[in-house]
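Structural overview for review
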Amino acid sequence: MRTKLKQWLVASVCMTAAFTMPVNAQTPTPQQMEMFKSLPASQQQALAAQYGITLPSSSGTTEQYQNPQLMNERGAQGAQSSAQPQATYIKGPDGQFVEQTFIQDADGQFIPNPNPPKEKQNIPLQRFGINLFASSPSTFAPISDVPVPAEYQVGPGDEIVIQLFGKENQIHRLRVNREGVVNFPTLGPIQVGGMSFSNVRESLQQRVREQMIGVRSDVTMGELRTMQIFVMGDAYKPGAYTVSGLTTISQAIYYSGGFSESGALRDIQLKRNGKLIRRLDMYDLLLKGDTRNDVRLMPGDVVFIGPVKQTVSIEGEVNRPAIYEIKPGESYAHILNMAAGLTANAYADQVQVKRSAKHGVREVLTLALNTNAGLNTKAKSGDQVTVGKRSDELKNYVQVEGDVLHPGYYQWKNGTKISHIFSSVDTAFNSTADVHYALVVREINPQRDVRVYQIDLANAIMAPSSKDNMLLNSRDRILVFNRFNLEELDSLSQLGEKNVTAKTFEQAQLQSFEEELKGQQNALKGAEQLDNQQVKLIYQGQEITQEQIDMVKRSTRRSLLAPVLMQLRQQAVYGHPPMIAEVSGEVKHPGNYPITNNNTVKDLVAAAGGLTPDAYIMNAELSRTVVDQKDQRSVLDISRINLGNALLSDVNENAIIGPRDRLNVLEQPNANMHRSVTLKGEVKFPGTYTVRQGETISELIERAGGLTKFAHPQGAIFTREALRLQEEKQLNEYAADIRKETAKKTFRVDNNLGSTITDPDKTLAFVEEASKSKALGRMVVQLDEITQGNQAADFMLEDGDFLFVPTFRNTVSIMGEVQVSITYLLDNKLKVKDYLNKAGGIKKQADEDRIFVVRADGSVYKPNSGYWFGNRNEELKPGDTIVVPIDTDYRDALSTWTAATQILYQIGVAVNAINK
């Protein structure tokens, strides 16, 4: 109810008081006006703002109540673009300054630049505190209800608000005139000028009590006076300023734009009527929050900023690097206090000070700022102090790396052993760790050369009295490896989607490869699980992600050993070869391993992860380089050892391994002699078969149940990997030759137009497209004769062979440089020229002298010469393809086209014959 009354009152009063609006409302009564005036000024302004009405001021003119405007940036010009980046610098954790830029948005607000510069910059130090005054507010006028301190000195222009209550209820707003007097109704003029506000309030309240019986009073300050002061000296904008009566020295400086580049923050003088009233050291305010000397100004006061005199710069590992002003006699303890002390990483034992010396040069002092002597050293103007960063070098530690649950640094003290670092096998290592092989890398001299010791972690923890639980030195590194091989992990990352249904020859071949790969991968420890969408690695019942695979890669033998082996090779000198031995063959992790003078064959096999299932333990080769002392020639000595006895610690076989020794673990005879051959198509039991050495194609077809009744043995496609590689190499060589010949003939200028390339771009484009053709490695086989028992046509199989028996099709195809490539049913009455006519005839660029026929079995024959083979034609058979090649002379006179196009057409014929 009271809120509605207030709103109605302010509406009535404001409509009556507004000068720009017609008065149509009822004139408020004096009681309503008094009730409105009794409201606090903040509520009057809020209600006026709600109705959008301007309140009249006591002077009879309308004024709009406004909040202070935003800061005016130093040097800001209205003509500048609002999107101009404003740069500042922040100090990063490494002590370097990083540029941070800000731009203005559409609302004029400064926001971080979305594209900040990434490079770190070393910027010059700035004088401490000067940037804090680099902007000034647009006004110092108080908003409203500004607390007035008790010691505020009342003067002309101030407004005193007196509220009477009791017998009389009135509010008087009294303005102090130029003589310092207020005219109090019923009490007369009262002198208040020059008195503090507390004294004025006490005096007025006493007069009311004594002279107005039954009336009490409350005295507050209304609007404060404005006054003119001067900011002179080394100010950024010296001059006269009209400010609020509450303005202090620091506020006046702030209002004038702060200090100039030569202005001293520690020498600020307040002068009144030519006399020095107060000195202000701005460092007391900035560093200590001490405002005792930051007194309020009086009209006509002069704030004088003196010039900067003595300065010292300090940078590096201090919390507040800057240029500081100093006073005579101040020590480096004062300077560190200004710079907020040293950082936690500061190296205070040797602080560098560059100081001016005689004859125009500078000298360097080294101070220990962690001692009284260094802190009590007197600073000198122009000193440049640099506090360095403490070294990150550690001491009394043992570092643990690799496949452990908690890698990092551990405390070392005398008597520390391996078992003190790892408390338990179950809680110290990851499930993939190799707990039977680890290395201790130890520094052995001031040059930090290393020696490597091999230990069994499990034995060291479970048998603390064993030699594996060795004493550790400070700075030792313990490397713990996992049981994986880096190549195996890479193969897991590269596998893609699988399980494709074979519909053509190429699809059948791809599916066969994928099935074989699946079988190989399932045999690995940590086998993968294949599905229709993706390849997953399942280890101990949990799926391992790519991120986990990358983490495991960093703990493989190859990854962790690489820097150790490099250091061992680097520190080797004449007479002391690198302490590295190599193991190859049937071990889980072949490669180079660091050794000591006591490592044996058994230790080297353990370093390589042990033997594979196919290792031959009865006989292994140990190669050693021996230097003849007479002529200094190296001789290779190869000895054979019984690896099985060596692993049983037989002293006769378990030889000591020396530098550059090489142990070769042989494979069991016939361990991997099985060969895989794939049969697809029209066989009774297609699939991938394991064949014996020397087994023939006829024997394999018999094992597969023979051919079906729909088979076309004359059109069988047989491929061999060795032939495919040879064919692919030949295609690449032809493509390279054509590119060279094209470039050569493109720039040839002579009268022979036939030797010039007319359109090199099209020629090269055709070469690139042709080079993408996939080689098949097809071998011509007479499967019909093989199945009929012709031993001359039979042959032995090799690993990776592939046989595709197509379904019988009684067709003949025409392809190449004909009008329409087409396929017709075989008609024994038709000859080659008849089929060419059915294809619309040959094209202009066709080479009719080199037309050939590719049989279904892959063999090629060329019909007799003559006009389209009119003399004699061999009989066409089911599945044959007539090929009309391009005229190589027509194709820009490239001689290599003849051989290249023949291979390309043969590949195309084979693929086309299978897929149709």
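Please read these numbers as outputs of a predicted model, since none were measured by experiment.

Another point: the overall build of the protein. Of regular secondary structure, the protein possesses 23 helices and 44 strands. Burial status across the protein gives 40% buried among its 916 residues. Long-range contacts, defined here as pairs at least 24 residues apart, represent 61% of the contacts in the protein between residues at least 6 apart. A total accessible area of about 50900 Å² is found for the protein, and carbon and sulfur atoms account for 49% of it.

With that out of the way, let us pick up the confidence of the model for the protein. For the protein, the average pLDDT comes to 78, and 71% of its residues sit at 70 or higher. Element-level pLDDT for the protein is lowest in strand 27 (residues 528-530), with a mean of 40, against a maximum mean of 95 in strand 31 (residues 591-594). Below pLDDT 50 for its whole length, residues 8-27 participates in 22 contacts with residues either more than four positions away or in separate chains. Under a pLDDT of 50 for its full length, residues 57-70 has, in the predicted model, 18 contacts with residues more than four places off or in other chains.

A separate point is the sheet that holds strand 44 (residues 881-884). Judged by pairing direction, the sheet is mixed, and its five strands sit side by side in the order 41-40-44-42-43 without closing on themselves. Strands with a single pairing partner mark the edges of an open sheet, and in this sheet they are strand 41 (822-825) and strand 43 (860-861). The pairing of strand 40 (residues 811-816) with strand 44 spans four bridges and is parallel. Note that in strand 44 the partner of Ile814 across the bridge is Ile882.

As a rule of thumb, nonpolar side chains are buried together in soluble globular proteins. Core analysis: the biggest nonpolar cluster contains 44 residues, and Ile249, Ile253, Phe259, Val303 and Ile314 have the highest contact counts within it. No other element matches helix 5 (residues 249-255), which puts five residues into this core. Core analysis: the second largest hydrophobic core is formed by 32 residues, Leu479, Leu560, Ile580 and Val605 among them.

Before going further, it helps to examine the sheet that holds strand 30 (residues 580-585). The sheet built from five strands is open, its strands ordered 31-30-34-32-33 with mixed pairing. The two strands at the open ends of the sheet, each matched to only one other strand, are strand 31 and strand 33 (634-641). Here the average twist between neighbouring strands, direction ignored, is 20°. Pairing analysis gives eight bridges linking strand 32 (residues 615-627) to strand 33, with the strands arranged antiparallel.

A positive phi angle, near 65°, is found at Ala340, a position not held by glycine. Of the residues examined, Ala340 reaches a relative accessible area of 37% and is grouped as partly exposed.

The subject of this paragraph is the environment of Gly644. Looking at the element boundaries, Gly644 is found in helix 17 (residues 643-647). The exposure class assigned to Gly644 is buried, which follows from its relative accessible area of 15%. Along the backbone, Gly644 and Met618 are 26 residues apart, and their C-alpha atoms lie at a distance of 6.2 Å.

Moving on, we come to the side chain of Ser676. Checked against the element boundaries, Ser676 lands in strand 35 (residues 675-681). According to the relative accessible area criterion, Ser676 is buried, its value standing at 16%. With sequence-adjacent residues up to four places away left out, Ser676 is seen in contact with Thr688, Tyr689, Glu798, Asp799, Gly800 and Asp801.

This next bit is on the environment of Leu265. Along the chain, Leu265 turns up in strand 14 (residues 263-272). Setting aside residues no more than four positions away along its own chain, Leu265 makes contact with Arg127, Phe128, Gly129, Ile130, Phe259, Leu280, Asp281, Met282, Tyr283, Leu286 and Glu325.

Scanning the entire structure with this criterion turns up nine aromatic pairs. For the pair Tyr241 and Tyr255, a centre-to-centre distance of 5.1 Å together with 80° between the ring planes defines the contact as edge-to-face. Of this pair, Tyr241 sits in strand 13 (residues 239-244) while Tyr255 is found in helix 5, placing the two residues 14 residues apart along the sequence. Comparing Tyr241 with Tyr255 shows no difference in burial state: the two are buried. Summarising the aromatic geometry, the rings of Tyr437 and Tyr593 are spaced 6.3 Å apart at their centres and angled 80° between planes, so their arrangement reads as edge-to-face. Remark: Tyr593 occurs in strand 31 and Tyr437 occurs in strand 24 (residues 433-443); sequence separation between them is 156 residues.

Below, the discussion takes up the pairing of strand 15 (residues 275-280). Here strand 14 runs beside strand 15; their pairing, made up of five bridges, is antiparallel. Across the sheet, residue Arg272 finds its bridge partner in strand 15, namely Lys275.

Turning next to the pairing of strand 41. Sheet topology places strand 40 next to strand 41; four bridges connect them, and they run antiparallel. In the strand pairing of strand 41, Thr811 is matched with Leu825. What sits between strand 40 and strand 41 in their antiparallel hairpin is a turn of five residues.

Next up on the list: helix 14 (residues 546-553). Taken as a whole, helix 14 has its buried residues at Ile549, Val552 and Lys553. Looking straight down helix 14, one finds its buried side chains confined to an arc of 105°; they lie on one side.

Counted under the stated rule, the structure contains 29 salt bridges. Note that Arg127 is salt-bridged to Glu325, the shortest N-O span being 2.6 Å. Taken as a pair, Arg127 in the loop between strand 5 (120-121) and strand 6 (135-136) and Glu325 in strand 18 (residues 322-325) lie far apart in primary sequence, 198 residues in all. Each of the two residues, Arg127 as well as Glu325, counts as buried. Between Asp880 and Arg855 there is a salt bridge, with the nearest N and O atoms lying 2.4 Å from each other.

Thresholds, definitions, all that
- Residues numbered from 1 in each chain as written.
- Predicted model: local features only at pLDDT ≥ 70, side-chain atom pairs only at ≥ 80, totals over all residues.
- Heavy atoms only, no water.
- Helix = DSSP H or I, 4+ residues; strand = E, 2+ residues; numbered from the N terminus.
- Buried < 20%, exposed > 50% of the residue type's maximum accessible area, 1.4 Å probe, protein only.
- Contact = heavy atoms within 4.5 Å.
- Areas by Shrake-Rupley, 256 points an atom, 1.4 Å probe, with all protein chains shown as cover.
- pLDDT = per-residue confidence, 0-100.
- Pairing = 2+ DSSP bridges.
- Core = buried A, V, L, I, M, F, W, Y, C linked by side-chain atoms within 4.5 Å.
- Axes fitted to C-alpha atoms, helices over the stretch in contact; angles between N-to-C directions.
- Phe/Tyr/Trp six-rings, centres within 6.5 Å; stacked < 30°, edge-to-face > 60°.
- Arc of directions from axis to C-beta.
- Salt bridge = Lys/Arg side-chain N within 4 Å of Asp/Glu carboxyl O.

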